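Examining the three-dimensional arrangement
As a plain string of letters, each chain reads:
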Amino acid sequence: MSERIFNFSSGPAAMPLPVLERAQREILSIYDSGMSVMEISHRSKIFESILTKAELGIRELLGVPLDYRILFLQGGASLQFSMIPMNFLTNGIAEYVITGSWGKKALAEAAMVGRVNTIFSSEKSGFCSVPVAGEVLVSADATYVHYTSNETIDGVQFGYELRAGTVPVVCDMSSDILSKPLEIENYALIYAGAQKNIGPSGATVVIIRDEMLERVASGLPSVLDYRALALNNSMVNTPNTWAIYMIGLVCDWLGEQGGLAAMEIRNNEKAAVLYEAIDSSDGYYVGHAETSARSVMNVTFRLPTEELEDKFCSEATSNGLDGLRGHRSVGGIRASIYNAFPRAGVDALVDFMKDFALRNG
Ligand code: PMP
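Residues numbered from 1 in each chain as written. Predicted model: local features only at pLDDT ≥ 70, side-chain atom pairs only at ≥ 80, totals over all residues. Heavy atoms only, no water.

**Some remarks on the site of the ligand**
- As a structural note, the neighbourhood of the ligand is formed by Gly76, Ala77, Ser78, Phe81, Trp102, Thr148, Asn150, Thr152, Asp172, Ser174, Gln195 and Lys196.
- A distance of 2.9 Å separates an oxygen atom of the ligand from a polar atom in the side chain of Gln195.
- Taking Lys196, its side chain carries an N or O atom lying 2.8 Å from a nitrogen atom of the ligand.
- Out of a free accessible area of 400 Å², the ligand has 85% covered by protein chains. (Near = heavy atom within 4 Å. Polar contact = N/O pair within 3.5 Å; in protein donor to acceptor, adjacent residues only side chain to side chain. Areas by Shrake-Rupley, 256 points an atom, 1.4 Å probe, with all protein chains shown as cover.)

This is the structure in structure tokens:
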């Protein structure tokens, strides 16, 4: 197949076409070096500039203050589930806000390392809501509070940033980072697997307040130690040079699009069109999330039967709309519409949904 399709995958996910085209142009010789970015030394001046470019790109887009470090790590967001408690939870209790499957995993991993407490969970009602602002009460002496700003599997998203006074706030932003502006000062640590909104898989972005580095536990292996990783500019060992290069290109593209405020407007418009198609289907399509918790990034919904969901996915794929099957743990349909996903693809899905409901109602 030479044509590109509309790829609704949850991650790895659609990349901006101009980024792929630029990478294609530069694949054999990066910055006139005569070598691919996958062939140059990570200790070379060229790679140093690539790493700096990726860091500055994120710093500028998100307005990351100078007392925060930006790290590019490996092991995915999943390793952060463990690294966070390994680095910080030697004493005290960490509090977790659980609004979906990924937060639950983060909690389970942390519980293997230290003492944890669930202060909010929407699991009993099927992970379809988030707490209203002010509902979650974080203990003043908690070691940190952890939440997941967007639950990729369940399709629920916080519409606000959780605040916890002087307690360090740790946030898994894997599936909504760079989709809108943030107040970074609210957070002690933000982490995100790159493969949705930032670039390819294989790199995890960690934004960490300097002061947290002083709290890092001693005796950790250096590849798991935030302080060592920061001291060595993310290069305690060989980093994922390709992913970091691609992150720099994605940041350039986001800047050209008008930055995160412009992305937020576009993302909201895309999601609104899709939710409107669900809401105006006379109950044929039923959204999973409560209206107030609907994700702008992952739109999850059901059809009347599982058989119809199977048919929907396979017919959609034949029509150039791929990756719509919900996560294997929850079923249903999930349309992931991150930054790089084009509005035209959302419109094509809405047309398909209307036609499918007419034919299969
Ligand atoms: N957190 C969230 C919110 C996610 O969506 C994912 C991946 N889909 C993860 C964590 C795990 O990421 P990784 O596969 O990079 O470990």
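**Details of the pattern of salt bridges**
- One pass over the full model with this rule turns up 16 salt bridges.
- Close ionic contact of Arg209 with Glu211 constitutes a salt bridge, the shortest N to O distance being 3.5 Å.
- Residue class for Glu211 comes out partly exposed when judged on its relative accessible area of 28%.
- Between Asp310 and Arg325 there is a salt bridge, with its nearest N and O atoms 3.0 Å apart. Pair noted here: Asp310 is in helix 9 (residues 306-318) and Arg325 is in the loop between strand 13 (321-322) and strand 14 (333-336), with a separation of 15 residues, a long-range link.
- When salt bridges that share partners are traced, they join Arg22, Glu26, Lys53 and Asp252 into one network. (Salt bridge = Lys/Arg side-chain N within 4 Å of Asp/Glu carboxyl O. Buried < 20%, exposed > 50% of the residue type's maximum accessible area, 1.4 Å probe, protein only. Helix = DSSP H or I, 4+ residues; strand = E, 2+ residues; numbered from the N terminus.)

**Side note on the side chain of Asn360**
- Its location among the elements puts Asn360 in helix 10 (residues 343-360).
- By relative accessible area, Asn360 is classed as buried at 13%.
- Setting aside residues up to four positions removed in sequence, Asn360 forms contacts with Tyr284, Leu308 and Lys311. (Contact = heavy atoms within 4.5 Å.)

**Some thoughts on the packing of helix 9 against helix 10**
- For the pair helix 9 and helix 10, the least separation of the axes is 11 Å and the interaxial angle reads 135 degrees. On the basis of the axis angle, helix 9 is oblique to helix 10. As for the relative orientation of helix 9 and helix 10, their crossing is right-handed in sense. For the pair helix 9 and helix 10, the contacting residues are Leu308, Lys311, Phe312, Glu315 and Ala316 in the first and Leu349, Phe352, Met353, Phe356, Arg359 and Asn360 in the second.
- Among the residues making up the contact of helix 9 with helix 10, the classes are represented as seven nonpolar, one polar and three charged. (Axes fitted to C-alpha atoms, helices over the stretch in contact; angles between N-to-C directions. Parallel < 35°, antiparallel > 145°, perpendicular 65-115°, else oblique. Left-handed = near helix turned anticlockwise from the far one by under 90°. Nonpolar A, V, L, I, M, F, W, Y, C, P; charged D, E, K, R; others polar.)

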